[in-house]
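In case you want the letters, here they are:
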Amino acid sequence: MAMCQLVEKSMSSDQLFDVSDEIVLITGVSGQLGSEYAKALLQRGASVVGLDLQSSEEINRLSASFPKHFFFYEADVTDKSSLESVRIEVEKKIGTPTVLINNAALDSPPTAPLQENGPFESYPEASWDTIMDVNLKGVFHCCQVFGGAMTEQSYGSIINIASIYGLVSPDQSLYGYRRQRGEVFYKPVAYAVSKSGILNLTRYLAVYWAQNGIRVNTLTLAGVWNNQDQDFLNAYCGRIPVGRMANGDDYNGAVIFLASQASRYMTGANLIVDGGWTAI
Ligand SMILES: NC(=O)c1ccc[n+]([C@@H]2O[C@H](COP(=O)([O-])OP(=O)(O)OC[C@H]3O[C@@H](n4cnc5c(N)ncnc54)[C@H](O)[C@@H]3O)[C@@H](O)[C@H]2O)c1
């Protein structure tokens, strides 16, 4: 709350990283990281359009703290018509987004039904379809609708959020402690495959829109601390070179970089911010 009460418009002192003229659309804004990005961008003077299936307490706080620069819309990234309605309303209200952060995604939480975290051989087809719909088709839809709008102004930066599990396989040994206590538990397949799909969707669009002033990059992240149990933390922190999970705000610098002119010559790239996970 205290963070949200900072001045409503404060430009970066370094013009290279200035985002104060940007209109940033963030999908999955009500989640842990989406709301961090929104806050960091708003504090630097950007206008932010947040989109999610539902609002949250943090979103209500941002709406109250930044009434002229933060706009929330309920929309489903798997439903292209709901995105087109948002596009029309946003264009009327503040203009065409100049930055799109494709952040909405589904993972399989530790508490997911048994089958979802069971062996690969019986991973449910319905779970595969649901994850692919949100994590991959949702990004495809948002790029069509909001990226398409950006081409009309020949200006924009698209940031597609991926994961270390889209670059390398989940390390199943991390979850060995659960199997030792009698659970059947594997990190499932669909999330990892969906995130690797992001990498080439990014490259495809970066090339396709290279002459239209639209930059498209992937931002690959490692795990974020969110009250995980101690056994998991011991395994994870023992595996990651920096020895800790990310804090919720550890990725803000990369987001500001990709949203601003500091990254103006960068497209089709994958910026990996992972505490060294993929260096091993
Ligand atoms: N948290 C991590 O440890 C971690 C690690 C690597 C990558 N990531 C990536 O970062 C991004 C954000 O992760 P997070 O931890 O904040 O997740 P989160 O679950 O806290 O937030 C995701 C948000 O997406 C929204 N959402 C889900 N389906 C939607 C749909 N159909 N339409 C619109 N919104 C929808 C959810 O309501 C939720 O608010 C994801 O792309 C995730 O894969 C996260």
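Cut-offs applied
Residues numbered from 1 in each chain as written. Predicted model: local features only at pLDDT ≥ 70, side-chain atom pairs only at ≥ 80, totals over all residues. Heavy atoms only, no water. Core = buried A, V, L, I, M, F, W, Y, C linked by side-chain atoms within 4.5 Å. Buried < 20%, exposed > 50% of the residue type's maximum accessible area, 1.4 Å probe, protein only. Contact = heavy atoms within 4.5 Å. Pairing = 2+ DSSP bridges. Helix = DSSP H or I, 4+ residues; strand = E, 2+ residues; numbered from the N terminus. Axes fitted to C-alpha atoms, helices over the stretch in contact; angles between N-to-C directions. Near = heavy atom within 4 Å. Polar contact = N/O pair within 3.5 Å; in protein donor to acceptor, adjacent residues only side chain to side chain. Areas by Shrake-Rupley, 256 points an atom, 1.4 Å probe, with all protein chains shown as cover. Nonpolar A, V, L, I, M, F, W, Y, C, P; charged D, E, K, R; others polar. Salt bridge = Lys/Arg side-chain N within 4 Å of Asp/Glu carboxyl O.

**Student:** An account of the nonpolar core is needed here, citing residue identities and associated values.
**Tutor:** Judged by nonpolar contacts, the single largest core of 45 residues is most densely connected at Ile26, Tyr37, Leu41, Phe70, Ile101 and Tyr236. Among all residues touching Ile26, those that are not within four sequence positions of it are Gly34, Tyr37, Ala38, Leu41, Val48, Val49, Gly50, Leu51, Ile101 and Asn103. Membership of the second largest hydrophobic core comes to 29 residues, among which are Tyr73, Val86, Val145 and Val216.

**Student:** Describe the sheet that holds strand β5 (residues 156-163), and please don't skip the residues or the numbers.
**Tutor:** Pairing is parallel across the open sheet formed by 7 strands, whose spatial order is β3-β2-β1-β4-β5-β6-β7. Edge positions in the sheet fall to β3 (70-74) and β7 (270-273), since each has one partner strand and no second. On average, each strand axis in the sheet is tilted by 20 degrees relative to the strand beside it, whichever way the strands run. As paired strands, strand β4 (residues 99-102) and β5 are joined by 4 bridges and run parallel to one another. Each bridged residue has a counterpart across the sheet, and for Val99 the counterpart in β5 is Ser157.

**Student:** Tell me what's going on with the site of the ligand, and back it up with residues and numbers.
**Tutor:** Around the ligand, 25 residues are found, and the nearest of them are Leu33, Asp52, Asp76, Tyr191 and Lys195. The contact in question runs from an oxygen atom of the ligand to an N or O atom on the side chain of Gln54, over 3.2 Å. Between the ligand and Val224 there is a distance of 2.9 Å, counted from an oxygen atom to a backbone nitrogen or oxygen. Here the ligand has 820 Å² of accessible area as a free molecule, and 82% of this is covered by the chains. Among the secondary structure elements, those contributing two or more residues to the shell around the ligand are α1 (32-43), β5 and α6 (189-208). The biggest single contributor to the shell around the ligand is β5, with 3 residues. For the shell around the ligand, the residue count by class is 14 nonpolar, 8 polar and 3 charged.

**Student:** Tell me what's going on with unusual backbone geometry, and back it up with residues and numbers.
**Tutor:** Phi at Ser154 is positive, roughly 50 degrees, even though this residue is not glycine. Owing to a relative accessible area of 47%, Ser154 belongs among the partly exposed residues under this scheme. At Asn227, a position not held by glycine, the phi torsion is positive, near 60 degrees. Following the sequence through the fold, Asn227 ends up in the loop between β6 (214-221) and α7 (230-239).

**Student:** A description of the pattern of salt bridges should follow, citing residues and the corresponding values.
**Tutor:** Per the counting criterion, the structure on display carries 11 salt bridges. The partner of Lys39 in a salt bridge is Glu58, and the shortest N-O contact between them spans 3.8 Å. Placement of the pair is Lys39 in helix α1 and Glu58 in helix α2 (residues 57-65), with a sequence separation of 19 residues. Exposure remark for Glu58: the relative accessible area of 16% places this residue in the buried category. Each of Arg178, Arg181, Glu183 and Asp231 takes part in salt bridges that share partners, so that together they form one network.

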